[in-house]
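Letter by letter, the chains look like this.
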Amino acid sequence: MARIVARTGENVEAIGNWSWLATEADAVAAPAELPHDGAWQEAAVPGTVAGTLRALGRLADDTAEAIGRQDHWYRTRLDRALSGALRFEGLASWTEIWIDGTLATESRSMFQPLALAVNVPVGAEIALCFRALAPRLASAPRRSRWRPAMIQPNGLRWFRTTALGSMPGWCPAGLPTGPFRPVQRAEIGNAASVIAGIDLLTSYDGEAGTVALTVSLSDDAGGISPRALMRCAGREAALNIAGPGALSGTLNLPGIAPWFPHTHGDPALHELTLLIGGETIDLGRIGFRSLAVDRGADGEGFGLVVNDVPIFCRGACWSSADLATLACGRAAYEPWLRLARDAGMNMIRIPGVTTYEDEAFFGLCDELGIMVWQEMMLANFDYPQGDAAFCAAIQAEAETLLDGTQGSPSLVVLCGGSEVFQQAAMLGAPPAAWSGPVFDRILPEVVSRLRPDIAYVPNSPSGGPLPFVADKGVTHYYGVGAYQRGLDDARRATVRFAAESLAFANVPEEVSLASGHPPALTHHPDWKRGVPRDLGASWDFEDVRDHYLRQLYGVDPAQLRREDCERYLALSRATSAEVMEETFAEWRRPGSPTRGALVWLLQDLVPGAGWGVIASDGEPKAAWYGLARAFRPVQVTMTDEGVNGLMIHLINERPVPLMASLDLTCWRDGQVAVVKASRTLALEAHSSASLSAFDLLGRFFDISYAYRFGPPGHDATSVVMRDEQGGAVLADAFHFSLGRGRERHDLGLHATLERSGEDWALAISCRRLAQSVHIVDANWRPEQNWFHLAPGVTKRVVLKPRGENPAPPNGEIRAVNAVAGALYAPVEGGSA
């Protein structure tokens, strides 16, 4: 039954005043043997041992690695009597629960919540012992058909705990340990004494939404009238007796506003309430949508269709809101998810190497219009699928997850895990060994029973003759990226859906590096600690980025970082943004077989040039800004089609028609307009189109410099799409027919500060085309950054304050092809 009842009639309150103590593994058998001196430390709950050590200023490599080799005790005393339940939402991982010196129960999974019925007096002691996991991992059965290098040790496959902390090469060591989710006291109120569980299912048929609600009554409901009503969107329906101890009903809502991902419509949500036993119970906000999987004409692809609208899914893979504490709740999630939405992301993948997030995560994704690809916490290992207890644990995890997200429209995919099939295949196991009953039978059955409105994917990647091929099913695509293939491989690979892709060592912005941790010296050991690598590989992901830096700018990265590290870092930032933007332009064009792609990762776990497009301090990187342009719902892009010239691709994902003007200009030396063309065009809602630049020009011009009958007539092309009515720029795109190049010029960069009340903006212009224009300001973050700017255009960039009451904007505008930047600072009257 749904855990939704947990937030209804119970009076739930967090239990506080916890203290923590570390002891040698298995040295203390029971709380009575614990010391009562000052060795105990105050500890936050929810939280982890690593979080407590960080708060004490004691978290370091050695102390983090020692966590798994020690026992950890948490204890508190109730400040008043409790007759009800103790609720443990997440205990990592091998845990004993003691009440007043008596062992009440044990937990073996960090992913499964636990509730204990209790009747205890004021002052009762609650003690939690988290037994050392490292020695138990070492003594686990070792034999398996394959052993992954990425996650170690192999014994983890027997334990229901996260892979975070066990992935050398990109994740800091340290087994997450402690009560990382809330510990609560729940005292039963009238409504909860009536309700044992609630199940709901929503559906949408294009014209009306439907809520099917079932309420299971507890044994205490005998004397209470079973009359009940549900209400939503101004309508109500009665719940009738559906069997012993059960009420059910269906509410039809004609004309209800459906839920869409924010890129394609409004993520409409509606309050649902239950009236029973004289009380009104808030069941939260729900959404109505339909969902279908489109396999393509050949039946071998993967794409999502929401409310009969095909969706190009784009976004990133989640890591953690805070690796040390495994923080949960709205306050922890919201800054990251809002940045995801601001970048135009409409999907977040929670990969199988992390941990399940709580219901606040899904609530925010519902609200923000972000779809969630949720994986089971299964990754890479040869799991003991023949073990009944293991299979039962996985089933319980899936049921808990889907129960807690019943009304959530943002959850669209449940995937069996990450790279289990791929790891088996890459290490030579036959196809019969890749899967198993968990992926083939147990998980599909749970999805069919509890959330038939979502898609099930057995594993990521999967679907082809080998799990990881790109042209069938779901892939992890690193042709552009780790495998260092040309940018044209994004088309050649015929990617259908990439659940992860485009991992680079993305350099943080200067403001993130200002602390000196790590130092902005790429040869420094502390810098290299923040650069991810595949364990055992002779290269890291900085080498991958350098490969494309050389391709794009024609410079030797090793020489550049030795002679001019500041420029090397600037070009490195630009490289990540340019490669991501160009690759997604290929994938989103009309006619592309690609129906979605997610970048690995959303946020860094530690400071440095990690995979995240957002730094660990919450500051967007250049890659984030590139993706924000690549992900625009209303978009114009260009692709080089060789002797066919440039193809201009137009996209309108919004639910209303668009009238726009298109202006194309070819530039010589970045400053002389040698060719211009314009056209007014109409795009229907949720539509796209492609237009040849030759068609737009109406004559021959070697716009892609493919014919080469003489010296090039231009070096860059820009295209701008504007709203036909107001003239506002909707999107723009650039093509560099001779490459981006290494030369620098006097661009005539100019910036003027504009102020309106407490709001600031920059008006930026140039005399010569400026590449990868970026704004450096210690106290203000630009809404747009790392963009190209055509001459004669003034671009207005809104500035957002970092922190409260910052000093007025004072910084510099730079471009990677400029010999000098442009300073700006406020002057009397509010401008510069």
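Presented here is a report on the structure given in the accompanying data block.

## Observations regarding the overall build of the protein
For the protein, the count of helices and strands is 18 helices and 43 strands. In terms of principal-axis extent, the alpha carbons of the protein reach across some 90 × 70 × 60 Å. Looking at the protein residue by residue over its 832 residues, the buried ones come to 59%. Here the protein displays about 31,700 Å² of accessible surface, and carbon together with sulfur accounts for 50% of that area. A distance of 4 Å separates the average location of the 73 positive side-chain charges in the protein from that of its 95 negative side-chain charges.

## Topic: the packing of aromatic side chains
Aromatic ring pairs: the centre-centre distance and the angle between the two ring planes describe each pair. In total, this model carries 27 aromatic pairs according to the counting rule given. When the centroid spacing of 6.1 Å and the interplanar angle of 70 degrees are considered together, the rings of Trp-600 and Trp-611 count as edge-to-face. In this pair, Trp-600 sits in the loop between β28 (596-599) and α17 (622-630) while Trp-611 sits in the loop between β28 and α17, placing the two residues 11 residues apart along the sequence. By way of ring pairs, the aromatic residues Trp-170, Trp-539, Phe-541, Trp-600 and Trp-611 are connected into one cluster. A cation sits over an aromatic face here: Arg-781 above Trp-624, 5.8 Å from the ring centre. We note Lys-795 situated over the ring of Phe-787; from NZ or CZ to the ring centre the distance is 5.0 Å.

## A look at the pattern of salt bridges
The final tally for this structure, using the stated rule, is 61 salt bridges. In this structure, Arg-231 engages Glu-236 in a salt bridge whose closest nitrogen and oxygen atoms are separated by 2.8 Å. Residue class for Glu-236 comes out partly exposed when judged on its relative accessible area of 46%. As a salt-bridge pair, Lys-621 and Asp-604 come within 2.6 Å of each other at their nearest N and O atoms. Note that Lys-621 is positioned in the loop between β28 and α17 and Asp-604 in the loop between β28 and α17, a separation of 17 residues in sequence. In the salt-bridge network here, residues are joined through shared partners; they are Lys-528, Asp-540, Glu-542, Arg-545, Asp-546 and Arg-561.

## Some remarks on the state of the cysteines
According to the stated counting rule, one finds zero disulfides in the structure shown. Cys-317 supplies the cysteine sulfur nearest to Cys-415, a cysteine that is in no disulfide, at a spacing of 11 Å.

## A look at the environment of Phe-497
Here Phe-497 shows up in the loop between α11 (489-492) and β27 (498-501). Taking the C-alpha atoms as reference points, Phe-497 and Trp-587, separated by 90 residues in sequence, lie 9.7 Å from one another. Ignoring sequence-local partners within four residues, the contact set of Phe-497 consists of Phe-302, Cys-313, Met-347, Trp-373, Gly-473, Val-474, Thr-475, Arg-595 and Gly-596.

## Let's talk about the packing of helix α14 (residues 541-553) against helix α16 (residues 565-588)
Where α14 meets α16, the closest approach of the two axes is 9 Å, and the angle between their N-to-C directions is 85 degrees. Compared by their axis directions, α14 and α16 come out roughly perpendicular. Residues Glu-542, Arg-545, Asp-546, Tyr-548, Leu-549, Leu-552 and Tyr-553 of α14 form the contact with α16, whose participating residues are Tyr-568, Leu-571, Ser-572, Ala-574, Thr-575, Ser-576, Glu-578 and Val-579. Tallied by class, residues from the contact of α14 with α16 come to eight nonpolar, three polar and four charged.

## Digging into the sheet that holds strand β38 (residues 770-777)
Read from one edge of the open sheet, four strands run β40-β38-β42-β43, paired in antiparallel fashion. At either end of the open sheet lies a strand with only one pairing partner, and these are β40 (787-789) and β43 (822-824). Each strand axis lies, on average, 35 degrees off the axis of its neighbour in the sheet, ignoring direction. Pairing of strand β42 (residues 811-814) with β43 involves three bridges; the strand directions are antiparallel. Bridging across to β43, Ile-813 finds its partner in Ala-822.

## Considerations on the packing of helix α5 (residues 330-342) against helix α6 (residues 359-368)
For the pair α5 and α6, interaxial distance at closest approach is 10 Å and the crossing angle is 35 degrees. As α5 runs across α6, the sense of the crossing is right-handed. The segment α5 lies against α6, with Arg-330, Tyr-333, Glu-334, Leu-337, Arg-338 and Arg-341 engaging Ala-360, Phe-361, Leu-364, Cys-365, Glu-367 and Leu-368.

## Focus: the pairing of strand β24 (residues 411-415)
With respect to burial, β24 is a largely interior element, five of its five residues being buried. Across four bridges, the pairing between strand β23 (residues 371-375) and β24 is parallel. Bridge pairing in β24 links Gln-374 to Leu-414. Handedness of the crossover is the feature at issue here: the chain leaves β23, passes through helix α7 (residues 388-403), returns alongside β24, and the resulting connection is right-handed.

## A short note on the nonpolar core
One recurring pattern in soluble globular proteins: nonpolar side chains tend to sit buried together. Ranked by size, the top nonpolar core spans 151 residues in total, and within it Trp-318, Met-345, Phe-361, Trp-373, Phe-584, Leu-602 and Val-613 carry the most contacts. A total of 10 residues in this core trace back to one element, the largest contributor, which is α16. Ranked by size, the runner-up nonpolar core spans 26 residues in total, among them Trp-20, Ala-43, Leu-91 and Val-120.

## Focus: the sheet that holds strand β2 (residues 18-24)
Strands pair in a sheet through their backbones, by hydrogen bonds, and they do so in one of two ways: parallel or antiparallel. The six strands are arranged β3-β2-β4-β9-β6-β7 in an open sheet whose pairing can be described as antiparallel. Taken across any chain shown, the strands that pair with only one partner, and hence form the sheet edges, are β3 (41-43) and β7 (102-107). When the angles between neighbouring strand axes are averaged without regard to direction, this sheet yields 30 degrees. Summarising the sheet, β2 and β3 pair through three bridges and their orientation is antiparallel. Its bridge partner lying in β3, Trp-20 is registered against Gln-41.

## As for the side chain of Thr-583
Tracing the sequence through the fold places Thr-583 in helix α16. Those residues in contact with Thr-583, other than ones at most four positions away along the chain, are Val-480, Ala-490 and Leu-502.

## With respect to the pairing of strand β19 (residues 303-306)
On any regular strand, side chains alternate: one points to one face of the sheet, the next to the other face. Across the two faces of β19 the burial is the same, with Gly-303 and Val-305 and Leu-304 and Val-306 all buried. Pairing geometry for β19 and strand β20 (residues 309-311), over three bridges, is antiparallel. The residue of β20 that forms the bridge with Leu-304 is Ile-311. Between β19 and β20, which follow one another and run antiparallel, lie two residues, and Asn-307 among them has a positive phi close to 55 degrees.

## A short note on unusual backbone geometry
Cis geometry marks the peptide bond from Val-45 to Pro-46; its omega dihedral reads 5 degrees. Following the sequence through the fold, Pro-46 ends up in the loop between β3 and α1 (49-55). Of note, Asn-307 is a non-glycine position whose phi angle comes to about 55 degrees, a positive value. As for its placement among the helices and strands, Asn-307 is situated in the loop between β19 and β20.

Conventions used here
Residues numbered from 1 in each chain as written. Predicted model: local features only at pLDDT ≥ 70, side-chain atom pairs only at ≥ 80, totals over all residues. Heavy atoms only, no water. Helix = DSSP H or I, 4+ residues; strand = E, 2+ residues; numbered from the N terminus. Buried < 20%, exposed > 50% of the residue type's maximum accessible area, 1.4 Å probe, protein only. Areas by Shrake-Rupley, 256 points an atom, 1.4 Å probe, with all protein chains shown as cover. Lys, Arg positive; Asp, Glu negative; His and termini not counted. Charge placed at Lys NZ, Arg CZ, Asp CG, Glu CD. Phe/Tyr/Trp six-rings, centres within 6.5 Å; stacked < 30°, edge-to-face > 60°. Lys NZ or Arg CZ within 6 Å of the ring centre and 35° of its normal. Salt bridge = Lys/Arg side-chain N within 4 Å of Asp/Glu carboxyl O. Disulfide = S-S within 2.5 Å. Contact = heavy atoms within 4.5 Å. Axes fitted to C-alpha atoms, helices over the stretch in contact; angles between N-to-C directions. Parallel < 35°, antiparallel > 145°, perpendicular 65-115°, else oblique. Nonpolar A, V, L, I, M, F, W, Y, C, P; charged D, E, K, R; others polar. Pairing = 2+ DSSP bridges. Left-handed = near helix turned anticlockwise from the far one by under 90°. Right-handed = clockwise from strand over helix to strand, strands pointing away. Core = buried A, V, L, I, M, F, W, Y, C linked by side-chain atoms within 4.5 Å.

Don't take any of this as a statement about function, it's just geometry.
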